[in-house]
Amino acid sequence: MHIKDKLAEAERTKRPVFSFEFFPPKTEQGVINLYDRMYNMHDFGPAFIDVTWGAGGSRSQITCEMVHKAQTFFGLETCMHLTCTDMPSSKIDEALEAAHTAGCTNILALRGDPPREKEKWQAVEGGFRYARDLVKYIKQRYGNWFDIGVAGYPEGLEDNQDQDLLMEHLKEKIDAGGTFIVTQMFYDAENFLLWVDKVRAAGINVPIVPGIMPIQTWDSFKRRVGHMNVHVPQKMIDGLEPIRNDDAQVQEVGKDLIAELCQKILDSGKIFALHFYTMNLAKSTRLVLEELGLVSKDGTPSNRALPWRQSLGLNRREEDVRPIFWKNRNKSYVARTQDWDEFPNGRWGDSRSPAFGELDAYDVGLKGTNEQNIKLWGKPETLRDVANLFIRFLEGKLKNLPWSDSPITSEALGIQSELVDLNRRGFLTITSQPSVNGVKSNHPIHGWGPQGGYVYQKAYVELLVSPQLIKELIGRIEKNPNITYYAVTQDGNLRTNAPTDGPNAVTWGVFPGKEIVQPTIIETVSFLAWKDEAFKLGTDWAKCHSAMSPSRHLIDNIMDTWYLINIVDNDFHQTLDIFKLFEGLKVKNMDDPASAETIMNGHQPDARPLVNGEHKAAVNGFSNKDLN
Ligand SMILES: Cc1cc2nc3c(=O)[nH]c(=O)nc-3n(C[C@H](O)[C@H](O)[C@H](O)COP(=O)(O)OP(=O)(O)OC[C@H]3O[C@@H](n4cnc5c(N)ncnc54)[C@H](O)[C@@H]3O)c2cc1C
Ligand SMILES: NC(=O)c1ccc[n+]([C@@H]2O[C@H](COP(=O)([O-])OP(=O)(O)OC[C@H]3O[C@@H](n4cnc5c(N)ncnc54)[C@H](O)[C@@H]3O)[C@@H](O)[C@H]2O)c1
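None of these values were measured; they are calculated from a predicted model. Within each chain, residue numbers correspond to sequence positions counted from 1 in written order. Each chain takes a letter, starting from A, and each ligand takes a number, starting from 1, following the order in which they are written. Totals for whole chains, interfaces and linings use all residues, but because this is a predicted model, local features are given only for residues with pLDDT of at least 70 and pairs of side-chain atoms are given and counted only at 80 or more. Computation of side-chain values covers all heavy atoms of the structure but excludes hydrogens and water.

Near ligand 1 you find 26 residues, and of these R111, A131, Y153, H169 and K173 are the closest. Backbone polar atom of W53 to an oxygen atom of ligand 1: 2.8 Å apart, as the coordinates give it. For ligand 1, an oxygen atom lies 3.0 Å from a polar atom in the backbone of G112. The fraction of the free accessible surface of ligand 1 (970 Å²) that becomes covered by protein chains is 89%. Summary of the distance rule: residues count as near a molecule or strand when at least one heavy atom falls within 4 Å of that molecule or strand. Within 3.5 Å is the distance limit for a polar contact, defined as a pair of N or O atoms, with the added protein rule that one can donate a hydrogen and the other accept it, and that residues adjacent in sequence qualify only through two side-chain atoms. Here the accessible surface of atoms and residues is derived via Shrake-Rupley with a 1.4 Å probe, and residues count as covered only by protein chains that are part of the display.

Orientation is described by lines fitted to C-alpha atoms, with helices fitted over the stretch in contact, and by angles between N-to-C directions that extend from 0 to 180 degrees. Helix and strand assignments come from DSSP, with helices taken as H or I runs of at least 4 residues and strands as E runs of at least 2, each series counted from the N terminus. The geometry of helix α10 (residues 247-267) relative to helix α11 (residues 283-292) is characterised by a closest axis approach of 9 Å and an angle of 55° between their N-to-C directions. Judged by the angle between their axes, α10 and α11 are oblique. The crossing of α10 and α11 is right-handed. Residues Q251, K255, D256, I258, A259, C262 and Q263 of α10 touch α11, and the partners they reach there are K283, L287, V288, E291 and L292. Across the contact of α10 with α11, the residue classes tally to six nonpolar, two polar and four charged. An angle below 35 degrees is treated as roughly parallel, one above 145 as roughly antiparallel, one from 65 to 115 as roughly perpendicular, and anything else as oblique. Crossing handedness is read from the near helix: turned anticlockwise from the far helix by less than a right angle, it gives a left-handed crossing, and turned clockwise, a right-handed one. The contact criterion used throughout is that any non-hydrogen atoms of two residues lie within 4.5 Å. Only Asp, Glu, Lys and Arg are considered charged, only Ala, Val, Leu, Ile, Met, Phe, Trp, Tyr, Cys and Pro nonpolar, and every remaining residue, Gly among them, polar.

What follows deals with the pairing of strand β3 (residues 78-83). Along a regular strand, successive side chains alternate from one face of the sheet to the other. Counting buried positions along β3 gives six out of six residues, so the element sits mostly inside the fold. Each residue is placed in one exposure class: buried if its accessible area under a 1.4 Å probe, protein chains only, is under 20% of its type's maximum, exposed if it is over 50%, and partly exposed if it falls in between. By the alternation rule, side chains of β3 split into T78, M80 and L82 and C79, H81 and T83, which are all buried. Here three bridges tie strand β2 (residues 48-51) to β3, and the two strands are oriented parallel to one another. Residue pairing across strands places V51 opposite M80, the latter belonging to β3. Crossover handedness for the path β3 to helix α4 (residues 89-101) to strand β4 (residues 106-110): right-handed. In this scheme, strands are said to pair when DSSP sees at least two bridges between them. Handedness of a crossover is defined as follows: orient the strands so they point away from the viewer, and if the path from the first strand over the helix to the second runs clockwise, the crossover is right-handed.

Strand order in this open sheet of five strands is β9-β12-β17-β13-β14, and the pairing throughout is antiparallel. The open sheet has two edge strands, β9 (428-433) and β14 (494-496), and neither has a second partner. Strand-to-strand twist in this sheet, taken as the mean axis angle between neighbours without regard to direction, amounts to 10°. In this sheet, strand β17 (residues 563-569) lies alongside strand β12 (residues 459-465) in antiparallel orientation, the contact comprising seven bridges. Within β17, the residue paired with V461 across the bridge is I567.

Next up on the list: α4. The end-to-end C-alpha distance of α4 is 18 Å, a good match for the 18 Å that 13 residues give at a rise of 1.5 Å each. Of all the positions in α4, only I92, A95, L96 and A99 are classed as buried. Buried residues along α4 cover an arc of 95° about the axis, so they all sit on one side. Exposed residues pointing more than 90 degrees away from the buried face of α4 are listed as E94 and T101. Here, expected helix span is obtained from the residue count minus one, scaled by 1.5 Å. By arc we mean the arc of the directions from the helix axis to the C-beta atoms, nothing more.

Below is the structure:
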């Protein structure tokens, strides 16, 4: 059924409907577990679900596969997103044909983010430069088979803050055949409703579906707001900031704030649908829907297990944490633990979670236009210039780096001088955490999770290391039985001394009446998924600079030849031992304009390759190619 008909029915009957957006997970296990979740969320009764378009290679294949499964097996009315970026018309045809074959009759037609490298931008044959062109093409090829939605921006768009122009272009998309509008996420109801009036004044009469992003934790909320550049009313900040360290309270207050936002929108009498950016998680969306009375409080997903398989066969949870009571009751154990990855959900969380590693709703990659990024980070020509950027970030003088999208935290300030010193010597630090040996869960710096608990963490540092120094560094690590590491190059050459493939918990908490929660882990699969993202952020940064520029050359060389390494001191009583590994080590020629090449041609490591990246990835069900 076409979405426009469902929306028209909602408006006619004045009974609001809602929809859920899912994105293609980063890992194979995440995809499998998402099917469980989609199946369960079916019971909430969404009018339709959306699957975002994962640009490029395997991610787009997963979109098509998810659309097929949702439509055919779960009986969910599905809308497939489709973008123009880097899509020759043959690929657009393939995607549309896959959707058609799956019985999907709804497409959200988008432009996608422009390729970073401006000089390579080419509207592909058929002219899919704007979403409008894609709408026209779909109409032309498929007539009325597909109902076509388009995107709307009440808060403006990064590359176009001119609201009048955006409105003109929105009108063009509707005139080309768009029949409904789904908006970006926002938290400002007043601004949205004013925008709705402007849409109507522009002569656009199709239904508008507002994009709602539930609040999971303070950190993810802040990160997304920053990423999407949306305005947050002071009332929300005031409600959430004082309880930022108590995830359970943030979820509770967040639910109330989002329900209030939704209610205001629905009470306006102008809007009859809500679109939830679920981020592949069920709980916070469900809580908002319950609060709004759109699902009943006992309307939790039923205990139905997927008819064609047993979920627990999927290695969903480590078997040794399964309570003995459920030993022979796999299905009900699955149902009882359906929110297993909901809380808290760090970005280093479990790679089996459908929500693993997700930063924003669409694709990973560097944010900001090339001009903005050059203004922010300048035009580095030597390794010293690059290291100085990291140092300025660590000193709080720069608000972000390609790998760090929010300012340095007070937690990192405790080891600031050690981190600055590393960068000064040519080790580019990306993430860090000091060790914590049991502080209260409401601790202002290290605290997280519910009240009354204690939290722990192991000292951790993740950095980019020159091939000049990697051998010596790994040699030192391997002499210390407390320290584990993973090191990988962009092309997937992985080295590690981790004793198993399984997770190494680096953050955990003990809370009253709960099992131990370990939100942050390091493991092979998640590290390989992250390394693709980490190197992409770097190559995106290089592409902000023109092809022949020294900055492009320098950053590309670092990405092509350096190692991404994470190091954990498993003795969580030690805070500074991890830094002793680097004593006396320093990259040579940091001021040499060709320093990156010097490094590339320098001493190559011959540390024992414990694991071959490609092979290891295959063992885990992926090839690095698939994850790109
Ligand atoms: C609800 C929603 C879902 C999304 N889903 C995805 C997804 O699944 N995958 C993904 O990669 N991205 C997704 N995005 C992000 C989207 O691809 C980006 O925001 C993209 O930058 C803009 O896409 P658009 O379809 O709105 O573009 P368009 O409407 O084509 O507009 C893009 C820019 O071009 C300008 N423009 C449009 N027409 C013209 C014209 N005729 N002349 C000159 N300028 C023009 C516009 O003003 C705007 O600045 C989504 C966004 C939203 C709001
Ligand atoms: N190793 C893995 O398996 C894996 C998987 C996915 C993501 N990641 C990591 O997740 C990180 C983001 O996670 P998050 O959002 O929880 O953390 P974040 O980016 O907020 O940073 C985590 C901590 O590192 C500190 N930090 C930030 N930038 C730093 C820098 N340049 N040098 C030293 N310390 C810095 C922060 O202040 C904070 O205390 C990514 O940057 C990546 O390193 C790792």
